[in-house]
Every structure is written in structure tokens, then in C-alpha cells.
Amino acid sequence: MTEQMRESLGDGPNVRHRLRATRPIAGWDEAMPLGNGRLGCLLWGDGDPLRFSLDRADLWDTRVPPETLAEDYTYAELIRLVREKDQASILRRFDTFYGRPTPTKLPAGKLHLRFPAAADRAESELDVRRAVAGVSLAFGDRSVRVESFLHATRPLGLIRIDGDAAFPRVDILPPDYDGPAEATGPQSMGGLGSLGYEKAVVRREGERLWFRQLAAQSLEYGIVAHARAPAGGGFTVAYTVASNRDGEAWHDDADALLRQALDAGWDAMHAEHAAWWDRYWAKSAVSLPESALELERMWYLANYFFASCSRPGNPAMPLQGVWTADDGGLPPWKGDYHGDLNVQMSYWHYMKANRLEEGAVLTDFLWSLRPAAERFARSFFDAPGLCLPSVMDIEGHSLGGWPMYATNLVNQIWLCQAFDHRWRYGGDPAFLRERAYPYFAETAACVLRWLSPGADGKLYLPLSSSPEMFNNSIEAWLPPNSNNDLALLKYLFATLAEMAEELGKGSEADFWRDKLGRLPDYATDPAKGLLLAPGMEVPESHRHLSHAMCIYPLRLLDPEDEDERALIDATVGTIEALGTGLWGGHTFTWMAALYAIQGNGEGAAYQLQVFWNHLCSPNGFCLNVDFARKGITSLHGRYFTLETNLSAADSLQEMLLQTRRGRLLLFPAVPVGWLETGVAFRDLRAEGAVLVSSAAEGGRIRSATLQAERGGTFRIRNDFRSTRFRLERTHGGTAVEETVRCGAGEELAVTLQAGECCTILPIG
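What you see is a predicted model, and the numbers here were worked out from it, not measured in a lab.

Rules behind the numbers
Residues numbered from 1 in each chain as written. Predicted model: local features only at pLDDT ≥ 70, side-chain atom pairs only at ≥ 80, totals over all residues. Heavy atoms only, no water. Helix = DSSP H or I, 4+ residues; strand = E, 2+ residues; numbered from the N terminus. Rg over C-alpha atoms; globule rule 2.2 N^0.38 Å. Buried < 20%, exposed > 50% of the residue type's maximum accessible area, 1.4 Å probe, protein only. Contact = heavy atoms within 4.5 Å. Areas by Shrake-Rupley, 256 points an atom, 1.4 Å probe, with all protein chains shown as cover. Lys, Arg positive; Asp, Glu negative; His and termini not counted. Charge placed at Lys NZ, Arg CZ, Asp CG, Glu CD. Pairing = 2+ DSSP bridges. Axes fitted to C-alpha atoms, helices over the stretch in contact; angles between N-to-C directions. Polar contact = N/O pair within 3.5 Å; in protein donor to acceptor, adjacent residues only side chain to side chain. Phe/Tyr/Trp six-rings, centres within 6.5 Å; stacked < 30°, edge-to-face > 60°. Lys NZ or Arg CZ within 6 Å of the ring centre and 35° of its normal. Parallel < 35°, antiparallel > 145°, perpendicular 65-115°, else oblique. Left-handed = near helix turned anticlockwise from the far one by under 90°.

### A closer look at the overall build of the chain
Regarding its fold elements, the chain presents 19 helices and 33 strands. Taken against the 2.2 N^0.38 rule, which gives 27 Å for 764 residues, the C-alpha radius of gyration of the chain at 26 Å falls within 12% of a compact globule. The C-alpha extent of the chain, read off along each of the three principal axes, is 75 × 70 × 50 Å. The buried share of the chain, reckoned over its 764 residues, is 62%. The long-range share in the chain, meaning contacts at least 24 apart out of those at least 6 apart in sequence, stands at 66%. On the chain, roughly 26,700 Å² of surface is accessible, and the fraction owed to carbon and sulfur atoms is 48%. Charge centroids of the chain, computed over 77 positive and 99 negative side chains, lie 2 Å from each other.

### Notes on the sheet that holds strand β32 (residues 747-752)
The strand order across the open sheet built from four strands is β24-β25-β29-β32, with neighbouring strands paired in mixed fashion. If you trace the sheet from one side to the other, it starts and ends with β24 (657-660) and β32, each paired once. Sheet twist, expressed as the average angle between the axes of neighbouring strands with direction ignored, equals 30 degrees. When β24 meets strand β25 (residues 663-666), the two strands line up antiparallel, connected through four bridges. Among the inter-strand pairings, Gln658 is bridged to a residue of β25, identified as Leu665. Against the sheet, helix α18 (residues 643-656) contacts β24 and β25, and its axis sits at roughly 75 degrees relative to β24.

### Side note on the environment of Asp127
Mapped onto the elements, Asp127 comes out in strand β8 (residues 121-127). Residue class for Asp127 comes out buried when judged on its relative accessible area of 16%. For Asp127 and Ala200, which are 73 residues apart along the polypeptide, the C-alpha to C-alpha distance reads 35 Å. If sequence neighbours within four positions are ignored, Asp127 has contacts with Arg18 and Val132. Within the structure, Asp127 has its side chain in polar contact with the backbone nitrogen of Arg130 (distance 3.3 Å).

### Some thoughts on the pairing of strand β13 (residues 201-205)
Note: β13 against strand β14 (residues 208-214), five bridges, orientation antiparallel. Bridged to Val201 within β14 is Arg212. Taken together, β13 and the strand that follows it, β14, pair antiparallel across an intervening segment of two residues, in which Gly206 is found at a positive phi of about 65 degrees.

### Brief notes about the sheet that holds strand β26 (residues 679-686)
Across the sheet, which stays open at both edges, the seven strands sit in the order β17-β26-β27-β28-β33-β30-β31 with antiparallel pairing between neighbours. Only two strands of the sheet have a single partner each, and these edge strands are β17 (285-287) and β31 (734-741). Geometrically, the sheet is characterised by an average inter-axis angle of 20 degrees between neighbouring strands, direction not taken into account. Examined bridge by bridge, β17 and β26 share three bridges and lie antiparallel to one another. From the neighbouring strand, Ala285 faces β26, where its bridge partner is Arg682.

### Observations concerning the packing of aromatic side chains
Scanning all chains against the criterion turns up 50 aromatic pairs. Relative to Trp450, the ring of Tyr75 lies with its centre 4.9 Å away and its plane at 85 degrees, an arrangement referred to as edge-to-face. Taken as a pair, Tyr75 in helix α2 (residues 75-83) and Trp450 in the loop between α12 (429-448) and β20 (452-453) lie far apart in primary sequence, 375 residues in all. Like Tyr75, the residue Trp450 is buried in the burial classification. Ring centres of Phe419 and Phe431 lie 6.0 Å apart, and the angle between their planes is 15 degrees; on these two criteria the pair is classed as stacked. Placement of Phe419 in helix α11 (residues 411-426) and of Phe431 in helix α12 is noted, with a sequence separation of twelve residues between them. Feature note: the residues Trp28, Trp276, Trp277, Tyr280, Trp281, Trp299, Tyr300, Tyr304, Phe305, Trp323, Phe621 and Phe640 constitute an aromatic cluster, connected by ring pairs. If you follow Lys490 out to its NZ or CZ, it ends over the ring of Tyr522, 5.2 Å from the centre.

### Some thoughts on the packing of helix α6 (residues 293-309) against helix α17 (residues 601-614)
Interhelical geometry of α6 versus α17 gives an angle of 70 degrees and a closest axis separation of 10 Å. Accordingly, the angle class assigned to the pair α6 and α17 is roughly perpendicular. Between α6 and α17 lies a crossing of left-handed hand. Two secondary-structure elements touch here, α6 through Glu294, Leu295, Arg297, Met298 and Leu301 and α17 through Ala605, Leu608, Gln609, Phe611, Trp612 and Asn613.

So this is what it looks like as C-alpha cells:
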């Protein structure tokens, strides 16, 4: 193993993975991002001022649109209007009120360091390993250094300023709620003035600064900051975003929190913070060749974003996580939860990356919203069970929007996959019994209300679509069942049958298998592969690849089955032929996953390189479209959302490790050059609650290590280019070796007890 590989697999990201900017950062979507799950900060500017754009995960105005409470806001009414092709009424009753200002996520405000003038030079960096941002500002022959972090386990941020230049004035600025009601930026859903809030009052008293903002529904919040000059020179600022959700004495409690941090000092607070990040980075690692360094950086940065935005005790991450846009307006798409791709992709990668604690936030969040999901199932779908709106606020309220996606019956099934992943990769039978199976079964109860036999006796939905094909037009209603919808239905019933068998519920397993058997086949064409819907080809290049849902992420087709492999290859070939002209960022990362399923490492790596090099801001934020107009797609603009960064990490992991029909595949889709130069990973998680580490170099796999969290037999496809192996087992300090044989392409079976480790070394 090369020294570079050892370094990358060691303690986490290193100096090679840092973000750097050698000029002043002029916009919020290129800022240095900090986050701890509750608070978010974007650091940017030239010193006049140096901006800290702040966010807090649970700041929401959840006043619901009255249209969603109307008696005719129902699935039955939508079916009627679609069948009558009454587009005007569909828009009026289900869509246009999405343009109302609420519900919406709220910006927290800003903290400014205002120097006497803009800096002559400004250089910024983000140490991804320690989650510390720094800015060096030069004013002639004098300079100042600003460093900042959001504490990993306390709801506060710290800023340290040192140097020989004039020190800045510290200001806090509340959101401009007395500003214009109209949109102020290209991404904004409207001006902050549209919310009707009174202007906050800012106060300054000694070292303390604060404001108190009164919002809707009795919400109060504000930024509280303390600035103190320590005896050694310079000064330190501690700040937080507090609200009455923290308790009635929220302002006094915030003061006490900040005084305690300043009394403890920067070094002590940073030591606590760094220790948490050390533990986080120890969970897994990847090492790619120098030629793919940008993809290695992408993976580490995606995991940094994930930990910054998803922590226990906080809501699951919405569209922009904890980094609401700082452009003077309402957040893009209200900062809401979109369940036709965005929520799901944001949590695709975490199990394999072994970030269980942070990723469990999604299933905990969805579980907490069961009352809202039950209400929506009753009121909108006239059904038992549960179903969340596919466009919703933090409390599960429907926001309206394009109804074929915003109030979609089967997108709920895609949300269910989070419970499936947590069960398969975590291996916890209690989670399966108490949460995963009940959540799936209650989702099925709602779906079954609307499935009915067609002329062929098969089960069909009354309405069907494929996100976001044909946008919001009447043509977007496709012949049932679209392949997107059918794949989700097949996945629902197949997974329920498997879960029921695992739980010893044989009669229930039979019931679910019966429903699965009554679904029609996919709409396919031998040359085109998967179609959009029965009798409908995919008409054009498109940002969503949901017609291929059964390939990935649902994995319902087996690339090792001859017929299913032909269908996969034809589908991918059709997507290639249609081109990338109407793709978004997530299309490239999804395509990389499809290539990984095919075993096409060259194609997967290329798609990720295009994404990282051309569709991401300098700070790594995916801006979704060809913002730099490099000819990558025909879509232009700057539309930051987080899901694609996490989807990219998922696709890279699929190149390195797959679990397919219960078998582990090591490096199933990496470029040949990576195998030659050297590629490795440490402690990626596979299905069955086993941690896997492996290294390849010189064109072959050199080693693999399995660490079982739960006992079981683990089957590894023999792609080692060897037929003899030395197995080194360790358990409780005892080491045992044995030599075994296994033919090429066959399965090497290793049975492990919980806590046991086995290293597989090819001989010869």
C-alpha cells in the first residue's frame, strides 16, 4: 500500500482535502460552510464586512395555506379533474398557492465583522478534518487572522481574531422583515417583507449584542453574541441563535452559554469540538489514486456536509440543510422537504459510509411525523395508514405545488427505503420489528386503498406520473402504471414479504407476495429498455431518471441475470443516446450509480468528475445546473441544494463496494487505472451489519477485512485473481489462521460471530 493510501485511510481528511479561496469570497453560495446539525454558518466577504450568515434548523413559519384545508383538496378531486383534463382547475386547487410565502424556513440573520476598509488581499480556507474556517486579511503591510468553528456538541459558534491590523466592529443584523415583499434574488420565493413581521430591535450592552425577533405562531428568536478581549491580545466572539423553543428563559440561557464558553477559552472549546470530529472521521475512509484526487475530496467534503447538517436531536436536513441562502429573500423553494428525490438522495450514502448515528436522524424524523402522515392519508387520500406530502414543511404540512409530485401517493414508498436501509445495513431485529415493518405496512395500507384491477386483472393506480417529466402540464399524467410508480409498488410488496418472513409472519408474507404477483410487468422495449410508461418511450433528455428506478436505487433487477442485464444495458444505452442537454447535477450522480450497477467504472468515474468539476461551486455546493456555461447542459443558473453532494458520495461507494443478492462485491466498478495505481477503503458498511475494508494495487485485490457487528455468514465474490486464501481470524484477542480454496467468480463464505474479525489474503 502506498504512503498516500495509508495517509488517506488514517485519521480522516488531511491537508489535501481542504477548501481554499485565494480571493475574497463574493457570494454566499461560495462561502466557507460550518454546521453542527442545529446551527449553520456561511463565512464570506472582503472585510467590509466579513460576513457570518447564520441559520438554525428549526426556524420555520408553518402557517398553512388555507387551500390545503379546503374540502376539495383531495386525491379524489384531483383524479376527477385529471380525467376531465381541466388544467386550470388543477392549478388553482392544487398548485398555485405554493407561491404563498408560508410555510417557509426562516433565515436567522447575520453577524458582521466590519473592518475600517475592505482588505487588499483575502485568503480563506476550510479545514475539513477539524471543521474550522479561517480567513487571512491583509491591509497594506498589516494583517489579521480570523478563525471560526461551530462547536460540534454545543449550540454555539466561536470566532477568534488576531493580528496587527485594526480590529473590526462586531455587528449583528436581523433578517430584513420590513423590506420588500417581492423576490429579491434569483432563487428567492419572495421578499421577507411578505411575512408581515415587525422589525426586530437590536441591542448592544458592554460585551453583549442581541436582537429579539417576533415571528408568527408565538415564535421568538434572535442572535446573541458576546465579544471579549482576552489578556493575551486579540479578541474572541461567542454567538448562538436562540429561540423560545429552547425554553421561556431562552435569552438568559443563551447569555449563560456564551459566558461559559468564553470563560473556558478558545483552546478548551476547540479541544471538545475537535474530539467529536476525530471520532466522526474514524468511522470510515477511502483512498483513490492521485488522478482521482478530486473524487476523494468530493467524498470527504460530502461527509463533512452530512455531519454539519444531520445530527441526532435535530430535524432531518431539508433542501439546503443548515445553510439558508443569504440573498435578502425567502429561501429557495422555501427551504422545504421535497420527497420526489431530494430527501431520499440526501440520505442514500450514510449507511455504507458507516455514519449510522447521523443518518438515523431521517428515520427518527419520519417516525415522529407519523401523526401528520396519518392525517394526510385520511384527509387527502381518504385512506387508512400513512402518507406524507411530497412537498412539506418541518411539521409535515402539505405546501401544494405540482400535484403529480407534491401530493404523490407512491413517493411515500421511496421514503420507506430509509427504514429498509437502516434494517439491512444495521441488522437490528428490534428496529425491523418495531419500526421498519410497521412503517412499510402502514404505507401499504394507504396505497392499497387506491390500487384496483384493470381489464387484465392486474393492479393499477388511478393516476400515474414520473418525476418531473413534462413538468406541470396535463401531459405529465401518464398511463398507469408508469415504470417509476410500478417499481416502487413492486419494491413495497417485495420488501414487506421479505420483512414478514424474517419476523416469522408467514401469512402476512403470503398476503404481500399475492399483491406483488398481481402487479403488471414493466413497460419495456428490447431496443430501448425501460420505457416511461406503457406505450410511451422516454421522449427526451431529462433531469430525472426515475423510469430506471428499478435499477437504482431500488435494485430490483439483477445485472448477473442474462435477461435483466440486457434490460439494464438497453436502458442505459437509451439514456446515453438522449444526451445530457436537460440534465441537472443529480442526473450525473444517478447515472454514475447506473454505471456502477453495470460494472462500468470508467463511465461512473467520468460522470462524477463532470459533476464535481463543472456543476459545483468552489466551496463544493452543488448548484444543480451548468452555472458557468461550459456546455455541460442547456440549463443555467445557480440553484443550491444538498442532495446531489450526498448522492455523489453514494455513487462512489457503489464503485468500491456492493451487496448484491446477499453477496459482497469488492471494487465492482472502478477504472482499470485505479486498480493498477492503488485504491482502498476502510470500514465501509455492507448489508448484514458488517464493516468491510479492502485494498487493491497492481491490478488485483490485495486484501479484505470483515468486522462483524452481528453474527452471520458473509459471502464474497472471488474477484481476487487467486484461488487460495489465508484467513486470519481474531476474536477477543485470540488469533486463528486457516487456508481455503475458492474458484474465480465463486463465493468465498466466511462465518463470523458478533465482534469477530477476519482478514482475507490471497496466496499467489
